[in-house]
Each structure stands twice: as C-alpha cells, then as structure tokens.
Amino acid sequence: MRKLSALLLATASISAAAQTIVSTDAYIWRGDTIFQGPFKAYPLSAKDIISTYSAQPGYYMPIDKRWSMKNDLSAYPRLSTPNLLHEATYNMALDEMVNAVEPDTTLRTGKEWAGVWTRDVSYSIILSMAYMQPEASRISLEKKVDSLGRIIQDTGSGGAWPVSSDREIWAIAAYEVYKVTGDREWLKYIYPIIKRSLETDAASIHAPSGLVKGETSFIDWREQSHPKWMQTADVYNTETLSTSVVHAQAWRVLADIAAELGHKKEAASALEMSRKIADAVNEHLWMEDKGYYAMYRYGRDNLILNPRAETLGESLAILWDVADADRAARISASNPTTPFGTAIFYPQIADMPAYHNNALWPWVGSMWALAAAKAGNEQSTLEAIGSVIRPAALFATNKENFNLDNGDIATELNSSNMLWCLSGNIALTHKILFGMNYEKDGLHFAPFVPEALGQTRTLSNFRYRKALLDITVHGYGSKVASFKINGKEQKNCMVPASAKGDIKVEMFMDNKPIAPVGINRQPNRKAPLTPIVRLEGNQICWNPIEYIDHYEVIADGRKIAETHSTTFPVETGHEYQVIGVDSAGVPSFASEPVSLYEAITYQMPREAADVRSPEVAYAPRHSVQGFTGNGFVETDKNSAPIEIEADVPAEGDYMLVVRYANGNGPVNTENKCGIRTLIVDGSEAGTIVLPQRGVANWDDWGYSNHLPLHLSAGRHVLSLSYLDRNENMNIATNHALIDAVMLFRIR
C-alpha cells in the first residue's frame, strides 16, 4: 500500500510538473518553471528560486538572479502544494514582507522607497497586510493622520490634495484592520478621522455629476496618464473612475462604522452618499459598446470621456459592487489583456516612457485577479495570476512594475521588495485559491480554483484572532461541495469570530468545469499622438499626424464631424477639440480646447492688500513679471477675501477662471496647493484650486480649474475666500498670487 501511495504521488508530481498552467504569446508557465524566450525561472526548493533572465542592456538597475530565503517564517502561514514554483514565490513574498517591517513597526514602501505612503500602505493592507501584519498596519495608518485629525494625501501633482484625491483608501484599509482584529477601540479611533476627511472632500472635490474629481488613484504623475496640454488644475477637474469608486466604498465603510457605533442617522446619510457616487459612475463612465468603464472625464468647459480601460478602477468597481454581476462579468471579459497581462490603462500613450504608462504593476494585477475571480472568469483569473508569478520568478523579487512591450523592468523608476506587490502576491493564494474574506462576524471562505491549479493545497499555522487554523482545499471549481471544521460538515463556509484553539478546516470543491466567460486578448497598442490645434481666423488648424485614418471634431463636448482635412471652420461661442483616430479605430487624446467664448475679465489692482506669512519665501514683489493690467493680489491664509463686483450682462451658464501664480513648490511633488472657496452673493459656489507651478516660478502664470456657475443678469459679488476646509496638506503655506478673474459665458 505504501509503495502504491508513493507511486501515485510520484505520478501526480510528474503530471503537475509537465502541465501548462498559463501560455500566452509572451511566456509559458509550465509546471514549476516560467519560460520567456531564451530565459527561464524555476525553484531549487520552496526556499530557493533561480532565474536566467537578463535585463535590458544599460539599464541602471541590475536583475536579481536568485532568491534564497533569509528570514525565519515559522510565525506565518505555511503553504504546501504540489506546484513548487507557486510555493516558492509565496515564500518569497513572506520573506520580503519580513524585510518590509521597519524597526519602528511601520511598513516600508519598497527597498528603494523608505517611509509610509498613504495609498501604498492602504492598498497593501487591503490586499493582505491587515491580517499578515495587523500591528504594523495599525501603526502605519496612524502615521498618515495629520495634526488636524485628517487623512494625509501624500505629495502629488500640483501640490497634493485636492489634485491628488484618493486619500480615502485609508478608510477602507483601516476598516479592514477592524474586521481582522475586532478591536472596537480602533473603530472608535478611525470613525472621526474618516468622517472629517470625507466631509471635507465632499465640499472640495465632488463634481456636479456626482463623480469625484482629481487624479486617477495611485497614478500620480500628471504626464503619465494625461495629455501633455493638461495643467494640474485640469487634472483636478477630471472626474475619475478609480478615485470615485474609492470614495463610494469609503462612504460605505463610514456607514458601516456609524451603524456599528449606534449612529443610525449618520449611517443612513453616509450610505446614501455612497450610492450617489456609485450611481454616477454607472451613469457617466460606463461604455456599453466596450463593456467596461471609461478611465475619466476630462477637459475644461465641456468634459468628454477618456475611453481607455483602467485596470485598478475596473477591478475595484467589481470588488466593491459598483458594477452589478452582469457588468462585472462583461468587464472581466472585455478589459484588454496583453500577452504580459492587463495594463495599468489601455491603450498606451505613444510618446511617454514606461512607468504608469505602458506598464503592469503586479499589485494591480493581483487586484484584477481578485476581481476576475469574483466575476467567475476562470481564464482571466488564471492569466492575472500568471502576470504576477512570472515577474516574481524571473526577477527573483516582487518588483514595482514592468514594461508591457517586453516584460522587462526597464521603466522610469522601479524597486525590489515592493510592499503592495508582495502583498498582492500573498493575496492570490489566500483570497482566491483559499477564498478567504474577512467580515465582522468571522472569516468566510469562497475558493475560486481554476482547473489548471486544481490540486490539493494546505495552509497551516494560519492565525485568526484566538484560533490557529489548518486549512486544506481539494480539487477545482467555483463552488464548495463540502466544508468541514474538525471533521464535521458545516452549513456555512466560515470560521466564526469567536472561534478558539486549533481548528482544522477542509474544503472539497465541486470539480465541475467553470462556465467560460471570455477574455479580451489584445496586442499592446499605442494610441495616436495628440493633435496640436491652433486658431487661424475663422478656422482651427492642426498638423497632420502619421498613421491617422481620420480626425473627429468636437464642439462643446460633442462630436460634430469626421474629416480627413487638417482644418475646420469654427464659430464664436463654442469650444473646439480634435481627436485623431488610427486605422484600427484607436483614438488619441483630445487636443487642448480652443475656446471661442467671450470673456469678462476683472484685473487685480497693484494696491490690494499684501499679507505674507513668515513661512513663505518668494522673489521680491517688484521682480514679479508677466502679470496683466496694473498688478496682482497676494492671497494667504490670513488674507482678507478677494471681492469683485461683477456686472453680468445676461442670465446664463458661466465658467469662472482665475489667472494665478504659485511658486511654492514643484509641479510633481510637495503639498502646497493653493485652495480657495468661491462665494457668490453670500452663498458658497465651489472650490478654486491654484496648484504649484514650479519652485520660485512666480513669473509662470497659469489658470485655475474652470468652475461652472449659473448667474442671473445684473450685479453679483464674487468673493475668493479662505475657509477652514481649504486647509491643504502642508497647513503652514496656502498661498498664491492672483492676477485676474475671468467669467466666460458658455450657454
């Protein structure tokens, strides 16, 4: 009998070693080996991976050829599976997780990136750190609360918040820690922080459409995901898929916490806000013809869709039920999948190097895998898992990102031992193949096991509150046929929060084929270049672009013509843009808007009050150049409101724009974005954002976001005022020069 068992085990091992798990035009995962062209990666043991991969010649960052376990992992869940490569890459993620815990018990962002960053640590916590490192997760989140009790938005385009506006991911991560630990003191601590931050965001970044303004979540390099003509004020004005979904879920989290703490009225209000944002996503961003959501709405006076797929946003919409089951399935089948996996967004920007553009970040690949599994899409799930295992094995570390053209790490910036990527690696095993999901009442299980991974695997030494679990899953499929705890069949697939002691969990999958949903395999396409449009007399003109099949002319946000020409007649009272479309039907970004609206301009007088805080340092006032009219007004936190008496000639829809300078910081980092509230006739009308334009660039004048107003004919008092909710992330410096205020009648 022992000889027969040994023979069967050996036969199973040989079969597993020969089985092709994932095969694309770029790589093959066969058994315990990744093959990519002439290169391969394979485990010597569950503690050792060898790679023969060679990086792009001349790239500054060397490739690790080998991973060998360095840390004691005995305190963490141990995976046993016939697929040795899976076991080894899982162990590598645990090994690097130990490296990521700093001496102060915070979670380090990556080997090259010290410190705690709000979005990085929050997504890592949501993926797996909440239960793998609950104490480090809690301490790290506490580091991202400022002196005013608000969630910190890390440095980003134009001076961080509100141009970067995804800080509410902290709320979702903090609640995940509660679901893992059940610590009600933690719940009481996070509730006012989340409530205060969400209420400030509601007043500052919610658009009239119901969507949320600001950068796409985590894509915080303006030029990496927007047309070059867009200023950071334009980025603030975008209405973004992933950031909106994050806010919808954060409001739902607030509702759950409020209900848990007995605040019924607040819970109902928060839940309604969550629904409004989710409804807006479905109303304004869903593209029926493509089967997924658009990345964002953008422009100035008339917003249009950027029809790119954006994988994180699509994933979160599925995971957090913004998309219903039918849409979730369609997204999982429709989101373009390149040979190396799903891109951060698709198609790529042709004249921009790889980083967020033309790249896959493994943690986003993990989010996509989780979403595809929830949507019941076996092939999308399998290829998403492969898109994480491939680079982990070939680079012998959990790298930050890789280039979608060739699967290499040659991008603008990269790091080994990347926190959210190792967290995503761990989540593939725990949350998909073992189906773990933490809820307030216990640890729930719903494994989704593709047939190609349909083996018996065990996770031992898994700690859940006061219990120590030993978990085994047999077979494959999307449904659990039998769920046992300590040998006894259970009605519900869960371990209750009250469980204690050693518990053996055993699950038998139904071993039935998962109904195919489909996968949208595509080459890694580049979109055409963006037309550069100019006004010449009564027509707009643009230079021809190679490989363009035709151009689309947009007026006031609507397509009005297709043309093969590079000129088009225009009329006053409208805003025009041009889109190039290639022979495959792939559109470019829309050109910078050419506005032919009439403007009413209110110049700032030189003699206006000059209030300067001691922290502000800039060029002496007399050296400032480039202002119009007689001068400018300097505004700081202590300044009196800037008031204008506006004579409006006719009732209609207007856009208010401020010409300003902000030399307090660079375009792409720091946190000194200027923010003011526009008050019209004593009533708050919206937020004016004055982002950083470069260190000491006080001669670089630009324009704020375009703020829509409906005004009646006659005199109105317009006031640019500093309110408490306009406090930026810097706190000390909230300052700009104001040159002019303009009103454009658009309808």
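All of the points below concern the structure found in this document. Computed from a prediction, not measured in an experiment: that's the story for all the values here. Counting of residues starts from 1 at the beginning of each chain's written sequence and follows it residue by residue. Note on the predicted model: pLDDT of at least 70 is required for a residue's local features to be given, and 80 or more for side-chain atom pairs to be given and counted; whole-chain, interface and lining totals, by contrast, use all residues. Only hydrogens and water are removed before side-chain values are computed, so all heavy atoms of the structure are retained for them.

The term nonpolar core refers to a set of buried residues drawn from Ala, Val, Leu, Ile, Met, Phe, Trp, Tyr and Cys, joined through side-chain atoms within 4.5 Å. The classification of residues rests on relative accessible area computed with a 1.4 Å probe and restricted to protein chains. Under 20% of the type maximum is buried, over 50% is exposed, and intermediate values are partly exposed. The biggest cluster of nonpolar side chains holds 181 residues, and the ones touching the most others in it are Tyr293, Trp363, Ile426 and Ile471. What counts as a helix is a DSSP run of H or I of at least four residues, what counts as a strand is a run of E of at least two, and both are numbered from the N terminus. With 11 residues, the top contributor of residues to this core is helix 9 (residues 241-260). Should any heavy atoms of two residues lie within 4.5 Å, those residues are considered in contact. Apart from residues no more than four positions distant in its own chain, Trp363 is found in contact with Tyr123, Leu127, Phe218, Leu312, Trp420 and Cys421. Counting 24 residues, the second-largest nonpolar core is a separate cluster that includes Met604, Val658, Ile688 and Leu711.

Here we come to the packing of helix 13 (residues 362-374) against helix 14 (residues 378-395). Here the axes come from fitting lines to C-alpha atoms, over the contacting stretch only for helices, and the angles between their N-to-C directions go from 0 to 180 degrees. Two elements in contact, helix 13 and helix 14, have axes whose closest approach is 8 Å; the angle formed by their N-to-C orientations is 160°. Taken together, the axis directions place helix 13 and helix 14 in an arrangement best described as roughly antiparallel. Handedness of the crossing formed by helix 13 with helix 14: left-handed. Two secondary-structure elements touch here, helix 13 through Pro362, Gly365, Ser366, Trp368, Ala369, Ala372 and Ala373 and helix 14 through Ser380, Thr381, Ala384, Ile385, Ser387, Val388 and Pro391. The residue inventory of the contact of helix 13 with helix 14, partitioned by class, reads 9 nonpolar, 5 polar and no charged. In this scheme, roughly parallel covers angles under 35 degrees and roughly antiparallel covers those over 145, while 65 to 115 is roughly perpendicular and the rest are oblique. Left-handed is the label given to a crossing in which the near helix is rotated counterclockwise from the far helix by less than a right angle, and right-handed is the label when the rotation is clockwise. Three classes are used: nonpolar for Ala, Val, Leu, Ile, Met, Phe, Trp, Tyr, Cys and Pro, charged for Asp, Glu, Lys and Arg, and polar for all others, with Gly counted as polar.

Below, the discussion takes up the sheet that holds strand 11 (residues 296-298). At least two bridges found by DSSP between two strands are what make those strands a pair. Taken in spatial order, the 3 strands of this open sheet run 8-11-12, and their pairing is antiparallel. The sheet is open, and its two edges are formed by strand 8 (239-240) and strand 12 (304-306), each paired on a single side. With 2 bridges connecting them, strand 8 and strand 11 associate as antiparallel partners. Pairing of Glu239 across the sheet is with Arg297, part of strand 11.

Residue Pro162 is reached from Trp161 by a cis peptide bond, and omega for that bond is 5°. Tracing the chain through its elements places Pro162 in the loop between helix 4 (134-142) and helix 5 (169-181). For the bond from Tyr346 to Pro347, the omega torsion is 0°, close enough to zero to count as cis. Of note, Phe218 is a non-glycine position whose phi angle comes to about 75°, a positive value.

Here a Phe, Tyr or Trp ring, Trp counted by its six-membered ring, pairs with any other such ring whose centre lies within 6.5 Å, and the pair is stacked when the planes are under 30 degrees apart, edge-to-face when over 60, and tilted otherwise. Scanning the entire structure with this criterion turns up 24 aromatic pairs. When the ring of Tyr131 is compared with that of Tyr438, the centres are 5.2 Å apart and the planes differ by 25°; the resulting orientation is stacked. Taken as a pair, Tyr131 in helix 3 (residues 118-132) and Tyr438 in strand 19 (residues 436-439) lie far apart in primary sequence, 307 residues in all. Among the residues examined, Tyr438 registers a relative accessible area of 2% and is labelled buried.

A word on the environment of Leu303. Summarising the element assignment, Leu303 is placed in the loop between strand 11 and strand 12. We classify Leu303 as partly exposed; its relative accessible area is 22%. Residue contacts for Leu303: discarding those within four places in its chain leaves Asn237, Glu239, Arg297 and Tyr298.

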